[in-house]
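# A closer look at the structure
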Amino acid sequence: MASYVFAQRVPAAEYDRSLAWAALVLVSIGAVMVYSASISTAEASRFSGNNSAYFLVRHGLFIGVALAAAIGVFLVPVRLWQRGAPWLFLVGIALLVLVLIPGIGREVNGARRWIGLYFLTVQPSELMKLAVVLYAADYTVRKHAVMKNFRKGLLPILGVMLVVSWLLLREPDFGALVVIAVTAFGMLFLGGMNGRHFLLLLAMLVVGFAGLVLSSPYRLQRIFGFMDPWSDPYGKGYQLSHALIAFGRGEWLGVGLGASVEKLLYLPEAHTDFLLAVIAEELGFAGVAVVVVLFAWIVVRAFAIGREAALRERHFHALAAQGIGVWLGFQSLINMGVNMGLLPTKGLTLPLMSFGGSGLVVNCVAIAMLLRIDWENRQVGRGLPA
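Residues numbered from 1 in each chain as written. Predicted model: local features only at pLDDT ≥ 70, side-chain atom pairs only at ≥ 80, totals over all residues. Heavy atoms only, no water.

## Observations concerning the layout of surface pockets
For the record, the criterion: Here a cavity denotes a set of grid points, spaced 1 Å apart and computed over the protein atoms alone, in which a 1.4 Å probe fits but from which it cannot get out, and a pocket denotes an open set meeting protein on both sides within 12 Å along at least five of seven lines; residues with an atom within 4 Å of a point are reported as lining. Grid points are joined across faces, edges and corners, and a volume is the space filled by probe spheres set on the points. In DSSP terms, a helix is any run of H or I states spanning at least four residues, a strand is any run of E spanning at least two, and both are numbered starting from the N terminus. Any residue outside Ala, Val, Leu, Ile, Met, Phe, Trp, Tyr, Cys, Pro, Asp, Glu, Lys and Arg is labelled polar, Gly included; the first ten of those are nonpolar and the last four are charged.
Here the second largest pocket defines a volume of roughly 380 Å³. Lining the second largest pocket are 17 residues, with F174, V178, V213, P344 and K346 positioned closest to its centre. Elements represented by at least two residues in the lining of the second largest pocket include exactly α7 (174–190), α8 (195–214), α9 (217–227) and α12 (315–340). Per-element accounting of the lining of the second largest pocket gives the leading share, four residues, to α7. Taken together, the residues of the lining of the second largest pocket break down into twelve nonpolar, two polar and three charged.

Following this line, the structure appears as C-alpha cells:
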C-alpha cells in the first residue's frame, strides 16, 4: 500500500524501491510473527479480555499510523528537518523529563519509560533516538570548522549527551542509552571528529558502561545469566535459556508457523524483545537469515545514500542517512545478539518488527527520511530543485 502511494506521487526511477520493499517486508513479517507470538499471552491476559487477536489488532493500528506518518514525512523537504532538529531535540528532552514525573510517567516492572495518554502510550526514548540523529547531524555541519577542537567542537555536545544519559538512567533505560550514545558518537566520527578524541571518548564510554554494570546488582545478574544461563535456568538465566531452546528447536526450516512451544508463556516478552527467537523456532535458520539480510540491506542502502549526498555536498543529508543506518543497524544487532545468546539480555526491540507503537512509528519515519534523502539526491543529480 505504502509502496503504491509512493509510486503514484514519485516516478519509479526517483526513489529507492529496494529500500522501501525491504522495510515493508520486515514490517509484514513482523505483523505475522507478532500475532503468532502473542496469541497465548493475549488469551491469558485479563487486559485483552482473553481475545487472542488483541495484540494483532493493536499492532495493525500501529502499522497504519506508522505508514501514514512515513508518507507524510516523505513529503517534507530535508532542509526543514535540519532547521527543526534543535527544536525536536528539545522536545525529546522535555518528554524525557515528563516521563519521570509521578502521575505523568507510567511505571511498568520498576521502570518509568512511558507517558500514558487517553488512547495510547508514548515512549520518549524512541523519539529521542531519531532526535539525536538529526541533532548530531545538524550540530556536526554547523560546527564542522571546529570539530577537531575538543573544547569548542566536542565538549558542548558531550555535555548535552550527558544530560540525555542521566535522564535515561533515571527511568532506567540502559538499552536506549547504549543505542543513543553509540549512534551519536558514531556520527561525530563520520562527521570528522579527531581520531585521538574519538579513541578517548570510546574509552570513556567503555569505562562508563562497565561502571554502570558493576554498580547495579540487577545488571550484574544479567551478565552472570548471560555467561552461564544453564546454571540458573529458572532464575537469572530464564529468558536466555528459553530463547536458546527456541533456536535449537527451529533447526534449518523451523517447526512451522504457529507451532512454537516457547511462545506458550515459557519465553517472556515473546512478541517484543524476543520476537526473533519465535521466528527462529517457527521459521528456522531460513527465516532468521531472511530477516538478517533485509536489515543488512537497509544499512547498506543507508550508507550508500549518505555517500551520494556527501558527493553532492549535502552534508546534513549525508550524516542523517548514515546516522539512521548506524542506529537501526546497531539496535538490530543488539536485539539479535541477545536472542542468540551472544550478548547479555537487554530490553531492546527489533526495529520495524517487534510489537510497540512508538518504536514502530519512529522506525518507519526514519525509513521515510532515508527515502526522501535518496529522492532529493536524484533530483539534484538531474539538475532539478530538491
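## Overview of empty space enclosed by the protein
Tallied over the entire structure, the rule returns two cavities of 30 Å³ or more. Taken together, V78, W81, L134, F316, A320, I324, M369 and I373 form the lining of the second largest cavity. Looking at the lining of the second largest cavity, the elements with two or more residues in it are α4 (78–98), α12 and α13 (357–381). With three residues, the top contributor of residues to the lining of the second largest cavity is α12.

## Comments concerning the pairing of strand β1 (residues 105–108)
Regular strands have side chains that alternate between both faces of the sheet. The test is simple: The rule for pairing is simple: two strands pair if DSSP sees at least two bridges between them.
Sheet topology note: the β1/strand β2 (residues 111–116) ladder contains four bridges and is antiparallel. Each residue of the ladder has a partner; that of V108, found in β2, is A111.

## A short note on the pattern of salt bridges
Going by this rule: Whenever Lys or Arg places a side-chain nitrogen within 4 Å of a carboxyl oxygen from Asp or Glu, that contact is recorded as a salt bridge.
Evaluated as defined, the whole model comprises eleven salt bridges. In this structure, the salt-bridge partner of E107 is R112, at a minimum N-O distance of 3.2 Å. A salt bridge links K263 to E282; the shortest N-O distance between them is 3.1 Å. Remark: E282 occurs in helix α11 (residues 275–311) and K263 occurs in the loop between α10 (238–250) and α11; sequence separation between them is 19 residues.

## What about the sheet that holds β1?
What holds strands together in a sheet is hydrogen bonding between their backbones, with the strands either parallel or antiparallel. Read across the sheet, three strands follow the order β1-β2-β3 without closing on themselves; strand pairing throughout is antiparallel. The outermost strands of the open sheet, each flanked by one partner alone, are β1 and β3 (121–122).

## Quick notes on helix α5 (residues 124–142)
Test applied: Expected helix span is given by 1.5 Å per residue-to-residue step, counting one fewer step than there are residues. The buried label goes to any residue with under 20% of its type's maximum accessible area, the exposed label to any with over 50%, and the partly exposed label to all in between, with areas taken from a 1.4 Å probe on protein chains only.
Here α5 is 19 residues long and its end C-alpha atoms lie 26 Å apart, about the 27 Å a rise of 1.5 Å per residue gives. With 16 of 19 residues buried, α5 lies mostly within the body of the structure.

## Description of the environment of R113
Test applied: Contacts: residue pairs with any heavy atoms within 4.5 Å of one another. Think of a polar contact as two N or O atoms within 3.5 Å of one another; within protein, one of them needs to be a possible hydrogen donor and the other a possible acceptor, and neighboring residues in sequence only count if both atoms come from side chains.
Tracing the chain through its elements places R113 in strand β2. According to the relative accessible area criterion, R113 is buried, its value standing at 18%. It is 9.9 Å that separates the C-alpha atoms of R113 and L98, two residues lying 15 residues apart in sequence. The contacts of R113, once residues within four sequence positions are left out, are V99, R106, V122, Q123, P124, E171, P172 and D173. Polar side-chain contacts of R113 include one of 2.7 Å to the backbone oxygen of P172.

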